[in-house]
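For reference, the chains in residue letters:
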Amino acid sequence: MLNKNFDVFRAKKMICASRTIMNFLVLSAIFVGFWYLVFWLGVISDEAAMHSARAVFDPIAHFFYPNIDDLIIYRNTGFCLFCSIIPWVVFNCILDRFEQVVLNIQRLIEEDEMRKLNELTMKEQMVQYDVIKNYSICLSLDYDSNTGVSAQNRQFLNKMVFDKISNAFKNQTKYLGSTKISTSDVLIVTSSDFSKYDLIYDTIMQSLAKIKKDLEAKNNLKLIPSITTDAFCNDDIKLNEVRKSHFEIQSFNFKNRSMSSAMFAKKYRHLNQKKYIGIPIGEYAYFKNNKTDTYELNVVQKNLTVALSKM
(Lines give C-alpha, C1' and ligand atoms only; values in the text may rest on other atoms or scores of the structure.)
Protein backbone atom coordinates (compact mmCIF):
# COMPACT_ATOMS: atom_id res chain seq x y z
CA MET A 1 0.00 0.00 0.00
CA LEU A 2 2.89 2.35 0.78
CA ASN A 3 4.41 1.72 -2.67
CA LYS A 4 1.08 2.46 -4.34
CA ASN A 5 0.75 5.75 -2.47
CA PHE A 6 4.33 6.67 -3.40
CA ASP A 7 3.70 5.88 -7.08
CA VAL A 8 0.55 8.03 -7.09
CA PHE A 9 2.43 10.88 -5.42
CA ARG A 10 5.24 10.60 -7.97
CA ALA A 11 2.76 10.54 -10.88
CA LYS A 12 0.95 13.64 -9.55
CA LYS A 13 4.28 15.42 -9.15
CA MET A 14 5.26 14.52 -12.72
CA ILE A 15 1.91 15.78 -14.04
CA CYS A 16 2.33 19.06 -12.17
CA ALA A 17 5.86 19.54 -13.55
CA SER A 18 4.74 18.65 -17.09
CA ARG A 19 1.84 21.09 -16.91
CA THR A 20 4.15 23.86 -15.68
CA ILE A 21 6.60 23.28 -18.57
CA MET A 22 3.77 23.03 -21.07
CA ASN A 23 2.17 26.31 -19.91
CA PHE A 24 5.53 28.04 -20.12
CA LEU A 25 6.08 26.77 -23.69
CA VAL A 26 2.57 27.76 -24.79
CA LEU A 27 2.89 31.28 -23.39
CA SER A 28 6.38 31.59 -24.90
CA ALA A 29 5.11 30.47 -28.35
CA ILE A 30 2.25 32.99 -28.22
CA PHE A 31 4.57 35.77 -27.08
CA VAL A 32 7.30 35.04 -29.67
CA GLY A 33 4.79 34.38 -32.47
CA PHE A 34 3.13 37.74 -31.79
CA TRP A 35 6.47 39.61 -32.12
CA TYR A 36 7.31 37.74 -35.34
CA LEU A 37 4.07 38.99 -36.86
CA VAL A 38 4.79 42.52 -35.59
CA PHE A 39 8.31 42.31 -37.00
CA TRP A 40 6.98 41.05 -40.34
CA LEU A 41 4.59 44.00 -40.58
CA GLY A 42 7.48 46.34 -39.72
CA VAL A 43 9.82 44.83 -42.28
CA ILE A 44 7.37 45.04 -45.15
CA SER A 45 6.72 48.67 -44.22
CA ASP A 46 10.37 49.73 -43.90
CA GLU A 47 12.88 46.97 -44.61
CA ALA A 48 15.93 49.22 -44.14
CA ALA A 49 14.84 50.38 -40.68
CA MET A 50 14.24 46.81 -39.53
CA HIS A 51 17.38 45.36 -41.12
CA SER A 52 19.44 45.51 -37.90
CA ALA A 53 16.83 43.51 -35.97
CA ARG A 54 16.77 40.65 -38.46
CA ALA A 55 19.74 39.00 -36.75
CA VAL A 56 17.51 38.48 -33.70
CA PHE A 57 14.59 36.95 -35.62
CA ASP A 58 16.47 34.98 -38.30
CA PRO A 59 17.67 31.96 -36.20
CA ILE A 60 14.22 30.72 -35.28
CA ALA A 61 12.80 31.67 -38.69
CA HIS A 62 15.48 29.71 -40.57
CA PHE A 63 15.04 26.80 -38.12
CA PHE A 64 11.45 26.41 -39.33
CA TYR A 65 12.10 27.46 -42.96
CA PRO A 66 15.78 26.93 -43.89
CA ASN A 67 15.18 27.29 -47.65
CA ILE A 68 13.25 30.59 -47.60
CA ASP A 69 14.98 33.99 -47.78
CA ASP A 70 11.89 36.06 -48.51
CA LEU A 71 10.42 38.41 -45.88
CA ILE A 72 7.39 36.17 -45.71
CA ILE A 73 9.51 33.83 -43.59
CA TYR A 74 8.74 36.02 -40.54
CA ARG A 75 5.00 35.85 -41.10
CA ASN A 76 5.14 32.10 -41.62
CA THR A 77 7.26 31.70 -38.49
CA GLY A 78 4.70 33.68 -36.46
CA PHE A 79 1.85 31.56 -37.76
CA CYS A 80 3.91 28.41 -37.21
CA LEU A 81 4.51 29.36 -33.56
CA PHE A 82 0.80 29.97 -33.09
CA CYS A 83 -0.02 26.63 -34.73
CA SER A 84 2.49 24.87 -32.49
CA ILE A 85 0.00 25.45 -29.69
CA ILE A 86 -2.28 22.76 -31.20
CA PRO A 87 -0.12 19.74 -30.27
CA TRP A 88 0.39 21.23 -26.84
CA VAL A 89 -3.40 21.49 -26.42
CA VAL A 90 -3.70 17.84 -27.47
CA PHE A 91 -0.95 16.98 -25.01
CA ASN A 92 -2.85 18.91 -22.33
CA CYS A 93 -5.97 16.82 -23.00
CA ILE A 94 -3.91 13.65 -22.72
CA LEU A 95 -2.39 14.98 -19.52
CA ASP A 96 -5.88 15.70 -18.15
CA ARG A 97 -6.96 12.13 -18.88
CA PHE A 98 -3.82 10.77 -17.28
CA GLU A 99 -4.39 12.99 -14.24
CA GLN A 100 -7.95 11.70 -13.95
CA VAL A 101 -6.67 8.13 -14.03
CA VAL A 102 -4.17 8.98 -11.28
CA LEU A 103 -6.91 10.63 -9.19
CA ASN A 104 -9.15 7.58 -9.65
CA ILE A 105 -6.33 5.32 -8.50
CA GLN A 106 -5.78 7.59 -5.50
CA ARG A 107 -9.50 7.49 -4.70
CA LEU A 108 -9.53 3.68 -4.91
CA ILE A 109 -6.48 3.49 -2.64
CA GLU A 110 -8.12 5.82 -0.10
CA GLU A 111 -11.39 3.87 -0.26
CA ASP A 112 -9.50 0.61 0.27
CA GLU A 113 -7.65 2.09 3.24
CA MET A 114 -10.92 3.43 4.67
CA ARG A 115 -12.60 0.04 4.17
CA LYS A 116 -9.78 -1.74 5.98
CA LEU A 117 -9.88 0.85 8.76
CA ASN A 118 -13.65 0.40 9.11
CA GLU A 119 -13.26 -3.38 9.19
CA LEU A 120 -10.61 -3.08 11.89
CA THR A 121 -12.80 -0.66 13.88
CA MET A 122 -15.78 -3.00 13.47
CA LYS A 123 -13.73 -5.96 14.71
CA GLU A 124 -12.59 -3.97 17.73
CA GLN A 125 -16.19 -2.93 18.45
CA MET A 126 -17.43 -6.49 18.05
CA VAL A 127 -14.89 -7.67 20.62
CA GLN A 128 -15.96 -4.82 22.89
CA TYR A 129 -19.66 -5.71 22.61
CA ASP A 130 -19.28 -9.49 22.46
CA VAL A 131 -18.04 -9.56 26.05
CA ILE A 132 -21.52 -8.39 27.15
CA LYS A 133 -23.23 -11.77 27.22
CA ASN A 134 -26.37 -11.57 29.38
CA TYR A 135 -28.96 -9.19 30.73
CA SER A 136 -31.53 -9.08 33.50
CA ILE A 137 -34.89 -7.39 33.95
CA CYS A 138 -35.89 -6.88 37.56
CA LEU A 139 -39.47 -5.97 38.51
CA SER A 140 -40.63 -4.91 41.97
CA LEU A 141 -44.16 -3.90 42.98
CA ASP A 142 -45.61 -1.40 45.39
CA TYR A 143 -49.23 -0.71 46.22
CA ASP A 144 -51.12 2.40 47.22
CA SER A 145 -54.39 2.04 49.15
CA ASN A 146 -56.46 4.28 51.38
CA THR A 147 -56.63 1.52 53.97
CA GLY A 148 -52.99 0.50 53.59
CA VAL A 149 -51.52 -2.83 52.47
CA SER A 150 -50.20 -5.23 55.08
CA ALA A 151 -46.98 -7.17 54.59
CA GLN A 152 -48.97 -10.39 54.28
CA ASN A 153 -51.28 -8.92 51.63
CA ARG A 154 -48.28 -7.45 49.81
CA GLN A 155 -46.64 -10.88 49.71
CA PHE A 156 -49.86 -12.46 48.43
CA LEU A 157 -50.32 -9.80 45.74
CA ASN A 158 -46.70 -10.08 44.61
CA LYS A 159 -46.99 -13.85 44.23
CA MET A 160 -50.23 -13.52 42.30
CA VAL A 161 -48.79 -10.92 39.90
CA PHE A 162 -45.48 -12.73 39.41
CA ASP A 163 -47.24 -16.05 38.78
CA LYS A 164 -49.36 -14.49 36.05
CA ILE A 165 -46.33 -12.94 34.38
CA SER A 166 -44.45 -16.28 34.60
CA ASN A 167 -47.41 -18.07 33.02
CA ALA A 168 -47.41 -15.52 30.20
CA PHE A 169 -43.82 -16.53 29.43
CA LYS A 170 -44.58 -20.25 29.64
CA ASN A 171 -47.20 -19.76 26.95
CA GLN A 172 -44.56 -18.27 24.66
CA THR A 173 -42.39 -21.18 23.48
CA LYS A 174 -40.13 -18.81 21.49
CA TYR A 175 -38.64 -17.61 24.80
CA LEU A 176 -37.70 -21.06 26.07
CA GLY A 177 -34.02 -21.92 26.18
CA SER A 178 -32.56 -18.45 26.60
CA THR A 179 -34.93 -17.00 29.20
CA LYS A 180 -35.07 -17.82 32.91
CA ILE A 181 -37.51 -16.44 35.48
CA SER A 182 -36.95 -16.20 39.22
CA THR A 183 -39.42 -14.87 41.79
CA SER A 184 -39.13 -13.82 45.42
CA ASP A 185 -40.08 -10.34 46.58
CA VAL A 186 -39.04 -9.31 43.04
CA LEU A 187 -39.38 -10.93 39.63
CA ILE A 188 -36.12 -11.35 37.72
CA VAL A 189 -35.95 -12.35 34.05
CA THR A 190 -32.51 -13.27 32.69
CA SER A 191 -31.52 -14.04 29.12
CA SER A 192 -28.53 -14.21 26.78
CA ASP A 193 -30.58 -13.39 23.67
CA PHE A 194 -30.48 -9.61 23.30
CA SER A 195 -32.47 -9.79 20.08
CA LYS A 196 -35.54 -10.89 22.06
CA TYR A 197 -35.31 -8.12 24.65
CA ASP A 198 -38.16 -6.10 23.14
CA LEU A 199 -40.43 -9.16 23.08
CA ILE A 200 -39.60 -10.07 26.67
CA TYR A 201 -40.09 -6.50 27.90
CA ASP A 202 -43.36 -6.19 25.95
CA THR A 203 -44.63 -9.43 27.53
CA ILE A 204 -43.94 -8.05 31.01
CA MET A 205 -45.62 -4.75 30.21
CA GLN A 206 -48.67 -6.33 28.56
CA SER A 207 -49.12 -8.72 31.49
CA LEU A 208 -48.75 -5.86 33.98
CA ALA A 209 -51.27 -3.73 32.09
CA LYS A 210 -53.92 -6.47 32.22
CA ILE A 211 -53.18 -7.30 35.88
CA LYS A 212 -53.25 -3.62 36.85
CA LYS A 213 -56.62 -3.12 35.19
CA ASP A 214 -58.16 -6.19 36.83
CA LEU A 215 -56.57 -5.50 40.23
CA GLU A 216 -57.63 -1.88 40.44
CA ALA A 217 -61.16 -2.68 39.19
CA LYS A 218 -61.73 -5.29 41.92
CA ASN A 219 -59.76 -3.75 44.79
CA ASN A 220 -59.37 -0.31 46.27
CA LEU A 221 -55.66 -0.05 45.55
CA LYS A 222 -53.20 1.17 42.96
CA LEU A 223 -50.40 -0.95 41.46
CA ILE A 224 -47.01 0.82 41.24
CA PRO A 225 -44.31 -1.17 39.39
CA SER A 226 -40.59 -0.38 39.06
CA ILE A 227 -38.24 -1.96 36.51
CA THR A 228 -34.46 -2.01 36.12
CA THR A 229 -32.49 -3.61 33.26
CA ASP A 230 -28.81 -4.44 33.50
CA ALA A 231 -26.22 -6.32 31.42
CA PHE A 232 -23.37 -8.60 32.42
CA CYS A 233 -20.12 -9.88 30.96
CA ASN A 234 -20.13 -13.13 32.93
CA ASP A 235 -22.39 -16.13 32.34
CA ASP A 236 -23.20 -16.60 36.02
CA ILE A 237 -25.69 -13.88 36.97
CA LYS A 238 -26.04 -13.56 40.73
CA LEU A 239 -29.71 -12.90 41.38
CA ASN A 240 -29.09 -11.44 44.82
CA GLU A 241 -26.80 -8.84 43.24
CA VAL A 242 -29.48 -8.02 40.63
CA ARG A 243 -32.03 -7.55 43.42
CA LYS A 244 -29.60 -5.46 45.48
CA SER A 245 -28.83 -3.15 42.54
CA HIS A 246 -32.52 -2.83 41.74
CA PHE A 247 -33.41 -1.48 45.17
CA GLU A 248 -30.33 0.72 45.34
CA ILE A 249 -31.46 2.35 42.09
CA GLN A 250 -34.97 2.74 43.51
CA SER A 251 -33.45 4.65 46.42
CA PHE A 252 -32.59 7.47 43.98
CA ASN A 253 -36.32 8.26 43.88
CA PHE A 254 -36.81 6.22 40.70
CA LYS A 255 -39.86 4.28 41.84
CA ASN A 256 -42.55 3.88 39.17
CA ARG A 257 -39.90 4.19 36.45
CA SER A 258 -38.18 1.85 34.06
CA MET A 259 -34.39 2.29 34.16
CA SER A 260 -31.53 0.65 32.30
CA SER A 261 -27.79 0.62 32.87
CA ALA A 262 -25.29 2.23 30.48
CA MET A 263 -23.76 -1.20 29.77
CA PHE A 264 -27.09 -2.60 28.62
CA ALA A 265 -27.83 0.51 26.54
CA LYS A 266 -24.41 0.18 24.90
CA LYS A 267 -25.10 -3.39 23.74
CA TYR A 268 -28.74 -2.61 22.87
CA ARG A 269 -27.72 0.35 20.69
CA HIS A 270 -24.99 -1.70 19.01
CA LEU A 271 -27.62 -4.24 17.92
CA ASN A 272 -29.49 -1.34 16.27
CA GLN A 273 -32.48 -1.66 18.59
CA LYS A 274 -34.20 1.58 19.56
CA LYS A 275 -37.60 0.91 21.13
CA TYR A 276 -36.34 0.88 24.74
CA ILE A 277 -33.01 2.69 24.37
CA GLY A 278 -33.86 5.29 27.02
CA ILE A 279 -32.40 8.71 27.77
CA PRO A 280 -29.03 8.95 29.58
CA ILE A 281 -29.24 10.82 32.90
CA GLY A 282 -25.67 10.38 34.16
CA GLU A 283 -24.10 8.65 37.14
CA TYR A 284 -25.60 8.09 40.59
CA ALA A 285 -23.59 7.04 43.64
CA TYR A 286 -24.94 4.75 46.36
CA PHE A 287 -23.24 4.75 49.79
CA LYS A 288 -23.56 1.80 52.16
CA ASN A 289 -21.21 0.35 54.78
CA ASN A 290 -18.48 2.80 53.80
CA LYS A 291 -18.63 1.53 50.21
CA THR A 292 -19.72 3.35 47.09
CA ASP A 293 -21.48 1.86 44.07
CA THR A 294 -21.87 4.04 40.99
CA TYR A 295 -24.69 3.55 38.53
CA GLU A 296 -24.73 5.13 35.07
CA LEU A 297 -28.39 5.12 34.14
CA ASN A 298 -30.90 5.66 31.35
CA VAL A 299 -34.59 6.47 31.82
CA VAL A 300 -36.61 4.12 29.61
CA GLN A 301 -40.10 5.04 30.87
CA LYS A 302 -40.59 7.94 33.24
CA ASN A 303 -44.01 6.92 34.56
CA LEU A 304 -44.87 3.22 34.37
CA THR A 305 -48.39 3.53 35.77
CA VAL A 306 -49.30 5.99 33.02
CA ALA A 307 -47.65 3.81 30.38
CA LEU A 308 -49.59 0.76 31.58
CA SER A 309 -52.88 2.67 31.64
CA LYS A 310 -52.43 3.55 27.96
CA MET A 311 -51.92 -0.06 26.89
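Quick note: structure is the one above.
Model, not experiment: these values are computed from the prediction.

Definitions and limits used
- Residues numbered from 1 in each chain as written.
- Predicted model: local features only at pLDDT ≥ 70, side-chain atom pairs only at ≥ 80, totals over all residues.
- Heavy atoms only, no water.
- Core = buried A, V, L, I, M, F, W, Y, C linked by side-chain atoms within 4.5 Å.
- Buried < 20%, exposed > 50% of the residue type's maximum accessible area, 1.4 Å probe, protein only.
- Helix = DSSP H or I, 4+ residues; strand = E, 2+ residues; numbered from the N terminus.
- Contact = heavy atoms within 4.5 Å.
- Pairing = 2+ DSSP bridges.
- Right-handed = clockwise from strand over helix to strand, strands pointing away.
- Salt bridge = Lys/Arg side-chain N within 4 Å of Asp/Glu carboxyl O.
- Axes fitted to C-alpha atoms, helices over the stretch in contact; angles between N-to-C directions.
- Parallel < 35°, antiparallel > 145°, perpendicular 65-115°, else oblique.
- Left-handed = near helix turned anticlockwise from the far one by under 90°.
- Nonpolar A, V, L, I, M, F, W, Y, C, P; charged D, E, K, R; others polar.
- Expected span 1.5 Å × (residues − 1).
- Phe/Tyr/Trp six-rings, centres within 6.5 Å; stacked < 30°, edge-to-face > 60°.
- Lys NZ or Arg CZ within 6 Å of the ring centre and 35° of its normal.

> Which residues make up the nonpolar core, and what values go with them?
Among the nonpolar cores identified, the biggest contains 37 residues, and I137, L139, Y143, I165, Y201, I204 and L208 are the most heavily contacted of them. Elements supplying a minimum of two residues to this core: β1 (134-145), α5 (151-170), β3 (187-191), α6 (197-218), β4 (221-232), α8 (262-270) and α9 (304-309). Broken down by element, the residue count for this core peaks at nine residues, all from α6. Sequence-distant contacts of I204, that is, excluding residues within four places in its chain, are made with I137, L139, I165, F169 and V189. With eight residues, the next largest nonpolar core counts F252, M259, Y286 and V299 among its residues.

> Which residues make up the pairing of β4, and what are the values?
Burial within β4 is extensive, with ten of its twelve residues counted as buried. Bridge count between β1 and β4: twelve bridges; the pairing is antiparallel. Considered in β4, the bridge of L139 is made with I227. Pairing of β4 with strand β5 (residues 258-261) involves three bridges; the strand directions are parallel. Residue T228 lies in a different strand from β5, and its bridge partner there is M259. Traced from β4 through helix α7 (residues 239-250) to β5, the parallel crossover comes out left-handed.

> I'd like a rundown of the pattern of salt bridges, residues and numbers included.
This model, assessed by the stated rule, comprises nine salt bridges. When the shortest N-O distance is used, the salt bridge between K255 and D142 registers 2.9 Å. Pair noted here: K255 is in the loop between α7 and β5 and D142 is in strand β1, with a separation of 113 residues, a long-range link. For D142, a relative accessible area of 18% puts it in the buried group. When the shortest N-O distance is used, the salt bridge between K244 and E248 registers 2.9 Å.

> Just give me the short version of the packing of α5 against α6, but keep the residues and values in it.
Remark: α5 packs on α6, axes separated minimally by 10 Å, with the N-to-C direction vectors making an angle of 135°. One way to sum up the angle between α5 and α6 is to call them oblique. In the packing of α5 onto α6, the handedness of the crossing is right-handed. Residues L157, M160, V161, K164, I165, A168 and F169 of α5 form the contact with α6, whose own contacting residues are I200, T203, I204, S207, L208, I211 and L215. Classifying every residue of the contact of α5 with α6 by side-chain character gives eleven nonpolar, two polar and one charged.

> Tell me about the pairing of β5, and name the residues and values.
Side chains S258 and S260 of β5 all project onto a buried face; the interleaved residues M259 and S261 project onto the opposite face, where all are buried too. In terms of strand pairing, β5 meets strand β7 (residues 291-301) through four bridges, oriented antiparallel. Across the sheet, the residue bridging to S258 is Q301, located in β7.

> Before we move on, could you go through unusual backbone geometry and cite the residues and values that matter?
At N253, a position not held by glycine, the phi torsion is positive, near 70°. Among the structural elements, N253 can be located in the loop between α7 and β5. Classification of N253 by relative accessible area gives exposed; the value is 66%. Phi is positive for N272, which is not a glycine, with a value near 60°. By the secondary structure assignment, N272 is in the loop between α8 and β6 (279-288). You can call N272 exposed: its relative accessible area is 60%.

> Could you give an account of α7, with specific residues and numbers?
Over its twelve residues, α7 runs 17 Å from end to end, which matches the ideal 16 Å to within 8%, given 1.5 Å per residue. Of the positions making up α7, those classed as buried are V242, S245, H246, E248, I249 and Q250.

> Describe the packing of aromatic side chains, naming the residues involved and giving the relevant values.
Tallied over the full model, the rule gives 14 aromatic pairs. Between F194 and F264, the ring centres sit 6.2 Å apart and the planes meet at 25°, which makes this aromatic pair stacked. In this pair, F194 is assigned in the loop between β3 and α6 and F264 in helix α8, connecting sequence segments 70 residues apart. Residues F194 and F264 agree in their burial class; the two are buried. Here the aromatic rings of Y201 and Y276 are separated by 4.3 Å at their centres, their planes lie at 45°, and the arrangement is tilted. Remark: Y276 occurs in the loop between α8 and β6 and Y201 occurs in helix α6; sequence separation between them is 75 residues. Judged by relative accessible area, Y201 falls into the buried class, the value being 0%. Members of the aromatic cluster, connected to one another through ring pairs, are Y135, F194, Y197, Y201, F264, Y268 and Y276. The positively charged end of K267 is found above the aromatic ring belonging to F194, 5.1 Å away from the centroid.

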